[in-house]
Structures are given as C-alpha cells and as structure tokens.
Amino acid sequence: MALAGVWLLWSGHFDNVFLLVMGGMSVAICLFLSRRMKIVDAEGAPVQLGIRPFTSYAPWLTKEIILSNFVVTKIILSRKMRLRRSMVEVTANPKTELGRVILANSITLTPGTVSIAVNGNQIAIHALCLDGPADEISAEMDRRVCELEGK
C-alpha cells in the first residue's frame, strides 16, 4: 500500500480514473495472493521499525556510501594501488534476524566491503582495504542498527 501511495504521489495521476482503478485492483490482487500464500510476516513487512530508518539511518548510510566511494576511487586511481584485501569475521550485536540482515546489507552497500555470510551473530566480510582492527569495519554501523531496533 505504501508503494502504491508513493507512486501516486510522484506520478501526479490523480485525475486518471482508469489508472487509479487498475492500480487499486493490482494492489488488492497482490495483497490477496500474498496472504493466501502466507508470505506476509513480521520480517516481510518490517513495520515495527516505523519511520526511523528513513529519518536517521538512511541519510547516515547514504553519507557513508558516498565517503566510501571516494576512498575506493582513490585506491583504484593511485599508481601503487595499495590494496590490503582481507577476509574477517565481525560480531553483529543486533538481536533480531532483521537487524543482522540490515547490518549485512549495509556493509555490502558500502563500497570496498562485501558481506559473504551470516552465521548466527557472526558476519564474514571481504574488505578491499583494511586499515585497522576488523571490528572497526562495522562498529558504527552496528551501533546504529541496534539503535534502529530500539535498544
């Protein structure tokens, strides 16, 4: 429903009755099929997080992605290309599976790092350039995801 509302707001098609009716029918059919297939659960639609991800976490993550892009670009364009590739495991402090998934995806979204696997509360990460201790890769991100969960 939220995506349909965002589309309607951005498209500006408030006066096209055909599009509104077809859109409403599409939403109703998708909701019906999702409920019948039993694929809607607490993690499929994480409404428990509320609006906090959009007001606090997303802007911070966007800033981190931009800063990491500059770091990776500098490494790639330098003549000596000082790579310090590493495979490390870090402990994820979020208590819910959703929190750990958000953390692992955020690490992957940040250029220069890729989450390889999540096993319990351990996340295996490949880092392009590891300068400090392994836990520093995700320390601030981990703290912010825990805040997002409401801890």
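Residues numbered from 1 in each chain as written. Predicted model: local features only at pLDDT ≥ 70, side-chain atom pairs only at ≥ 80, totals over all residues. Heavy atoms only, no water.

Enquirer: Teacher, can you tell me more about the side chain of S138 here?
Expert: Looking at the element boundaries, S138 is found in the loop between β3 (122–127) and α5 (139–149). In this structure S138 touches V90, L103 and I107, once residues within four positions along its chain are discounted. (Helix = DSSP H or I, 4+ residues; strand = E, 2+ residues; numbered from the N terminus. Contact = heavy atoms within 4.5 Å.)

Enquirer: Could you clarify how one ought to interpret the sheet that holds strand β1 (residues 86–91) in this entry?
Expert: Pairing between sheet strands relies on hydrogen bonds along the backbone, with the strands arranged either parallel or antiparallel. Pairing is antiparallel in the open sheet, where three strands are placed in the order β1-β3-β2. Of all strands in the sheet, those bounded by a partner on one side alone are β1 and β2 (113–119). On average, adjacent strands in this sheet sit at an angle of 25 degrees to one another, irrespective of strand direction. In this structure, β2 lies alongside β3, joined through six bridges in antiparallel fashion. Looking at the pairing, A117 lines up with A124 of β3. In the packing of helix α4 (residues 97–109) onto the sheet, contacts are made with β2 and β3, and the angle to β2 comes to roughly 155 degrees. (Pairing = 2+ DSSP bridges. Axes fitted to C-alpha atoms, helices over the stretch in contact; angles between N-to-C directions.)

Taken by themselves, the reported measurements are silent on function.
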